[in-house]
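# Examining the three-dimensional arrangement
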Amino acid sequence: MIHIKWHDPVDPKLKKKWDKWIKKCAIEQAALNASHEAKAPKEINKKLYSELKVHYMSPDGPFYGKCAYCESRISADQPGDLDHFRPKGRVKEDDMHPGYYWLAYDYKNLLLSCADCNQPSSQKTTQTIGKWDRFPVKGFRALKSPEEDDEEPYLLNPINCKNIEEHFLLDEKFMLLIPLSPEAKMTLKILGLNERQGLRDNRRDAYENATMTVVQLYAAQPYNDPAKKDNLLNKISDIGKGKAAYSAFARAGCGAVQRDQDNMQKIINERLSDDGKV
């Protein structure tokens, strides 16, 4: 899990559609809020979400076509959901809560999520995982806008939490996320980010591919092959920007090679300074 920097569509045509979509969302949100105030809640227009889902799923979008939580690439065999970080219609931890309906059409409350992270299931784990309408908080829970600003969620939001990487250590042997905070522990539990063997295998592939990329870059340095070096540097750049799948572990793989290089250079320097001693 890494921090995600939100950005609106860059393509002029898509940006024009995006701006129209935002206005439509504002109109729908106002109508929904009014219906709740009148004690006659209207149904949420779920079709509206699909209109600009393309931006959330785009390789050039803010999520780079990846699940916001586990960093799996969204593809034909791994369909993506638009998850409401704060659930729009109900909250599992509070049966009396109407859901965060006033955020139903807030584009920043929508996160691209894979089915494994969002939809409740126990098929790939020994316990039921999946966020869906889960949203545990510490004590106070908001019932209207802008009370959510005073909440302390137990779940980490990759967009809002700029220091999200500080909540975890990476176990580079078993490809696990080690929680360093109560929020990290709860996030891992609900999403099952350490429970899925396939996910850990994919992290290992990303880690090893990243180490190989760096090793190949070092090997390419003495040779005049700018095209190859540019290709390798672009791969590393994608890892740094978070474009690559499982970037958190890929970054760790790059760091591992650098540590090995630094240690080797230290050993070489020590030997060079031995003054011929045996």
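Residues numbered from 1 in each chain as written. Predicted model: local features only at pLDDT ≥ 70, side-chain atom pairs only at ≥ 80, totals over all residues. Heavy atoms only, no water.

Scanning the protein chain from N- to C-terminus turns up 8 helices and 4 strands. The order of helices and strands in the protein chain, counted from the N terminus, is α-α-α-β-β-α-β-β-α-α-α-α. The principal-axis extent of the C-alpha atoms belonging to the protein chain is close to 90 × 45 × 35 Å. Looking at the 278 residues of the protein chain, the share that counts as buried comes to 44%. Taking as baseline every contact in the protein chain between residues at least 6 positions apart, the subset at least 24 positions apart corresponds to 67%. Total accessible area computed for the protein chain in this model is approximately 15,700 Å², and 52% of it derives from carbon and sulfur atoms. Put simply, the protein chain has 44 plus and 41 minus side-chain charges, and the middle of one group is 3 Å from the middle of the other. (Helix = DSSP H or I, 4+ residues; strand = E, 2+ residues; numbered from the N terminus. Buried < 20%, exposed > 50% of the residue type's maximum accessible area, 1.4 Å probe, protein only. Contact = heavy atoms within 4.5 Å. Areas by Shrake-Rupley, 256 points an atom, 1.4 Å probe, with all protein chains shown as cover. Lys, Arg positive; Asp, Glu negative; His and termini not counted. Charge placed at Lys NZ, Arg CZ, Asp CG, Glu CD.)

It is worth spelling out the layout of surface pockets at this point. Reported here for the largest pocket is a volume of approximately 490 Å³. Around the largest pocket, the lining is made up of 16 residues, and of these L82, H84, K88, N118 and W132 lie nearest the centre. Of all the elements in the fold, those that place two or more residues in the lining of the largest pocket are α2 (47–51) and β1 (80–84). Residue contributions to the lining of the largest pocket peak at 4 residues, all from β1. For the lining of the largest pocket, the residue count by class is 4 nonpolar, 5 polar and 7 charged. (1 Å grid on protein atoms, 1.4 Å probe; cavity = no way out; pocket = protein on both sides within 12 Å on 5 of 7 lines; lining within 4 Å. Points joined across faces, edges and corners; volume = space filled by probe spheres on them. Nonpolar A, V, L, I, M, F, W, Y, C, P; charged D, E, K, R; others polar.)

Time to look at helix α5 (residues 182–191). Within the sequence span of α5, burial applies to E183, A184, T187, L188, I190 and L191. Looking at the packing, one finds that the buried side of α5 touches α4 (115–118), β3 (168–171) and β4 (176–179). Backbone geometry just after α5 places G192 at a positive phi near 65°.

Take helix α6 (residues 197–220) next. Its 24 residues give α6 an end-to-end C-alpha distance of 34 Å, which sits within 8% of 34 Å, the value for a rise of 1.5 Å per residue. Regarding α6, the residues found buried are L199, R200, R203, A206, Y207, A210, T211, T213, V214, L217 and A220. On its buried face, α6 is in contact with β4, α7 (226–241) and α8 (247–272). (Expected span 1.5 Å × (residues − 1).)

Below, the discussion takes up the pattern of salt bridges. Close approach of charged atoms allows side chains with opposite charge to pair. Within the structure shown, the criterion is met by 12 salt bridges. Residue K66 is joined to E71 by a salt bridge in which the shortest nitrogen-to-oxygen separation is 2.6 Å. There is no split in this pair, since K66 and E71 are both buried. (Salt bridge = Lys/Arg side-chain N within 4 Å of Asp/Glu carboxyl O.)

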